[in-house]
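Spelled out, the chains give:
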There are 2 protein chains.
Amino acid sequence: MSTENLDTRMTELGQAARAAGRVIAASGTEARDQVLRTTASLIQERADAILETNMADVEAAKAHRDDAFIDRLALDGSRLEALAVELEHIAELPDLLGQTSDMQDQPNGLKIGRMRVPIGVIGMIYEARPGVTVEAGGLCIKSGNAVILRGGTESYRSNQALVECLQEGLRQASLPPEGAQLLPTTDRAAIDALLKMDEWVDLIIPRGGTELIKRVHDQTHIPILKHLHGVCHVYIDDTADRDQAIQIAVNAKTQRYGVCNAMETLLVAESRAEELLPVLGDVYAEHGVEIRGCPRTCDLLEQAVPAVEGDWSEEYLSPVLSVRVVADLDEAMDHIEKYGSHHTDAIVTTDEERAKRFMREVDSSSVILNASTRFADGFEYGLGAEIGISTDKLHARGPVGLEGLTSQKFVVYGDGQVRV
Amino acid sequence: MSTENLDTRMTELGQAARAAGRVIAASGTEARDQVLRTTASLIQERADAILETNMADVEAAKAHRDDAFIDRLALDGSRLEALAVELEHIAELPDLLGQTSDMQDQPNGLKIGRMRVPIGVIGMIYEARPGVTVEAGGLCIKSGNAVILRGGTESYRSNQALVECLQEGLRQASLPPEGAQLLPTTDRAAIDALLKMDEWVDLIIPRGGTELIKRVHDQTHIPILKHLHGVCHVYIDDTADRDQAIQIAVNAKTQRYGVCNAMETLLVAESRAEELLPVLGDVYAEHGVEIRGCPRTCDLLEQAVPAVEGDWSEEYLSPVLSVRVVADLDEAMDHIEKYGSHHTDAIVTTDEERAKRFMREVDSSSVILNASTRFADGFEYGLGAEIGISTDKLHARGPVGLEGLTSQKFVVYGDGQVRV
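Everything numeric here is computed off the predicted structure, so don't read it as measured data.

Enquirer: Sorry, what's going on with helix 13 (residues 329-339) of chain B here?
Expert: Within an α-helix, residues lying three or four positions from one another point in the same direction, as the helix has 3.6 residues per turn. By the burial criterion, the buried members of helix 13 of chain B are Leu329(B), Ala332(B), Met333(B), His335(B), Ile336(B) and Tyr339(B). Considered in projection along helix 13 of chain B, the buried side chains sweep an arc of 155 degrees and stay on one side of the axis. On its buried face, helix 13 of chain B is in contact with helix 1 (3-26) of chain A together with strand 7 (232-236), strand 8 (263-269), strand 11 (320-326), strand 12 (344-348) and helix 14 (352-361) of chain B.

See below:
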C-alpha cells in the first residue's frame, strides 16, 4: 500500500471506529451480549475454515520460527472451543455501563455522582496469538468500546477469519461491524500510523514481550496500559511460619515458570536462612531449579552459583531463581524497590506490624501476605476476565478486567440550579 | 548551567524526589497534615519577605507583560492569607491513604481487595501563578506524593520563597524536604529533562493554557493528566421548562466569562427557538454578550452575526456566544460530539428518556441535567480541593481532587495458600 493510500485508509478506519464506538456505547446490555454469543456460535460453525486458514499461517511461519512460537500461533478444535466458551462467559458477566456511584446530595439540591461509561476506541497491539483477537475483541465490545486490532504478522490470516466472526456478530445485533477492525496491512507503517491517531484512539494496550511494549511506549503519546516484566519477590520474614514459608517459596517458583507472576527472587531474613535455605535448596534441586545466590546463600547452599548484579533485576521465566539473605524487613523492601518491577511481591510473616508495613509500603500492583505470588491474576481475583496485568500506576493497576476498560464521568442532576 | 551539569542536577533531583516520595508515602496522616499546617504558619510569618520577593518578580515582568499577566503573578497580604487558609483546609480533609475497598473472600480463603496508595512522584508544570506552588504542593503531600514544581519563569523568585516554606514544613515533620522541589533553573532545557525522567516521575500535570498543555503532551511519554479547553454546551430540549431554560442559559454564559466551565455554545430545539431566543437575546444584550448564530438564529435575533465554521469549536472565554438551532436531541448530541471538547455539557429537559440518553451518551467529563455548566468544579462537587479538571478519559476525569492523586493496588491476605 502506498503511503498516501495507507494514510487515507487509516484515517477512514479511525473515523469508522470512533463512530462505531458511539453506537456501541449507547447500545443496551442485551445487544452487546448478543454480539459475543453470536461470535461464539460462528467460531464453532466456521471451525473447519478457521483451522484451515490458521494452518496456512502455521505453514508459512514454520520456515523461520521455532516450536514455541508455532505453539502460540497454532489453533486446534479444542482451542477454538475454549475461545467460544470464553466469549459466552464474558457475555454472562455483569454490565458495568451506566452504573452510578458516589451519588451525593449537595446543599443546593444538586445530586452529583459518577457514571461508568466506555473509554471509546481501544487499540490492541499483540503478538502472534490468534486467541487474543477474540478475547480482546469480546472484552472491548462487552465494555462498550470499539477496538482496533493488530496481532502479529504471522497470524494475519487467522486474525482476519476471527475478526470476521466478531464483525458478523456485531451486524447480527444491528451494531456497526467497524466496532472490531483489523489493521488493513501488516506493514509496520500501519502500526506507526495507529500510534499517532490521538484523535480516534483513546487507549493503546500493548500485550506481549518487553521489546514490543517498550517500542509502543516510545512511539506514542496516546495513553497506554502496559504490562512490563514481572520481577516478583517473596520475602520470608524472621517470624514466618515454617510450613507456610516453604510451601509459598516452592509454589511461587515451581508451579509454573514462564509466567509473569512467578517468583524470580527469594529474600530470606538472616535469622531464618540457616534453617530454611537448605530445606528449600533440596526442593528446588528436585525441581531442577538453578540457584544464583548472594555470598551468604552460597555459603549455605552448595548448589548455588554466585549471583551477579544483573541477576537481581532479571525476569528469568525459567527454572532459575536468585536468592538473597537480608538483615530485616527494611533491607527486603529496599531490595524490592531497587530491583523489582512493581508487579507482585509477597511477604511471609506472623508479625502484624511488619505485614502492615509491607502491604502499605511496597509499591507494586499486587502485594500479598502469606500466599503465593502466582495468585496475581484476573481470574483468581474474581474479575471474571482479564485483558492484561498493568504495571502502570495510573487508571488500572494489576490484573485488568472489564472495569479497566471503562471510565467514570461526573453526572449532575438538578432542577434549575444556577451558580451564584 | 552547562548541559552536563544540568543533567547531573536533574538526575539528583529525580532520585531525591523518588526517595522522598517513599518516605512520605509511608508516613502517617498526622505528619503529612503537620507539614501543611506548618507551611501555612510559615507563609503567614514570612509574609513580608515573600511579598518583597514577589514584588521583584512583578517589577521584572512589568517590562514585557500585560496587566492580566501581572495580576496573576502578583501576591498581596490577602492572597497569602487565602493560601494559608487553603492549606489548613486541605489538612482537614480525610486521609485516603491505606483505605481498602472491594474486599472479597475467595473460596480458597484469600481475602482480596484494593488499597489506596500514593502515585509516587508528580511533576507539576504551570504558568506564572505563585499560588499554584502552594496548592499543588499541599495536595501532593497530603496525598502522600513527592512533587517537582516548575512554575512560569516570571514567578521563579516567588516560587522559591514559597517552596522554602513547604520544605521547612516537611523538615519540621521529620520528612525529607526533597518531597517538594523546584526545578533548579528556568531554562527550557530543565523542563525537557523533566519530561524525559520516566524513571523518577510517575505523572506530569500541566496546568495552564492550551499551548502549554499541547507542548507538554507532545514531548513526554510519562502519563499526563491534562486539562485542555472547555467548549461547553447547553442544549435546550423542546420539553424544557421555560424558566429553567432561561436561567441556566443565562447563568452558564454570564456568571463568569474567563472560566473553562462557562457555556460557549447554546443549542436550542427548533420548536422552542422562536419562543426562547428573543428573550435570551435581550438578556445577553444587557450583559453585552455578542451572539454568533446559525442562519435560523440570525433570522430570530437581529443582533446576531453569522457564525463561521470555526466558531463552533472556539473557546471564547469572553462575552461571546455561538448559538445554533437544532432539530432534536440527536442533532444536539452530534453537534457536541463533533465540536465539543469533552469537558462539560448540559441539557435542559423535562423528558426523562431524553435526559437519560443525554447523560449516558454525551462523552464529556461532566454531564449535567437541568443545572448550569458552571457547577463543574471540585469544590461544587464536594471534592474539598481541586488540582485541575481532567479532560482525559483515563485515571481521573473531570475535577481532580486528592483521589486523583492516588492509585489503587491489589492487596491479598492469605494464611499459607498456594496455587494448584
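Further notes follow.
Enquirer: What is the right way to look at the sheet that holds strand 11 (residues 320-326) of chain A in this model?
Expert: Adjacent strands of a sheet pair through backbone hydrogen bonds, lying either parallel or antiparallel. Strand order in this open sheet of 10 strands is 10(A)-9(A)-11(A)-8(A)-7(A)-12(A)-13(A)-16(B)-2(B)-1(B), and the pairing throughout is mixed. At either end of the open sheet lies a strand with only one pairing partner, and these are strand 10 (305-306) of chain A together with strand 1 (100-105) of chain B. Sheet topology places strand 2 (residues 111-118) of chain B next to strand 16 (residues 406-417) of chain B; 8 bridges connect them, and they run antiparallel. Within strand 16 of chain B, the residue paired with Ile112(B) across the bridge is Val412(B). Here helix 11 (residues 270-286) of chain A sits on the sheet in contact with strand 7 (232-236), strand 8 (263-269), strand 9 (290-293) and strand 11 of chain A, set at roughly 145 degrees to strand 8 of chain A.

Enquirer: What is the right way to look at the packing of aromatic side chains in this model?
Expert: The relation between two aromatic rings is expressed through the spacing of the ring centres and the mutual angle of the planes. In this structure the tally under the stated criterion is 2 aromatic pairs over all chains. Ring centres 4.7 Å apart and planes at 40 degrees place the aromatic pair Tyr381(A) and Phe410(B) in the tilted group. You can see Tyr381(A) sitting in the loop between strand 13 (366-371) and strand 14 (388-390) and its partner Phe410(B) sitting in strand 16, one on each of two chains. Classification of Tyr381(A) by relative accessible area gives buried; the value is 4%. Note on Phe410(B): relative accessible area 4%, which makes it buried. Positioned above the aromatic ring of Trp312(A) is the side chain of Arg324(A), whose terminal nitrogen or guanidinium carbon lies 5.2 Å from the ring centre. Note that Arg65(B) overlies the ring of Phe69(B), its terminal NZ or CZ placed 4.3 Å from the centroid.

Conventions we followed
Residues numbered from 1 in each chain as written. Chains lettered and ligands numbered in written order. Predicted model: local features only at pLDDT ≥ 70, side-chain atom pairs only at ≥ 80, totals over all residues. Heavy atoms only, no water. Buried < 20%, exposed > 50% of the residue type's maximum accessible area, 1.4 Å probe, protein only. Helix = DSSP H or I, 4+ residues; strand = E, 2+ residues; numbered from the N terminus. Arc of directions from axis to C-beta. Contact = heavy atoms within 4.5 Å. Pairing = 2+ DSSP bridges. Axes fitted to C-alpha atoms, helices over the stretch in contact; angles between N-to-C directions. Phe/Tyr/Trp six-rings, centres within 6.5 Å; stacked < 30°, edge-to-face > 60°. Lys NZ or Arg CZ within 6 Å of the ring centre and 35° of its normal.

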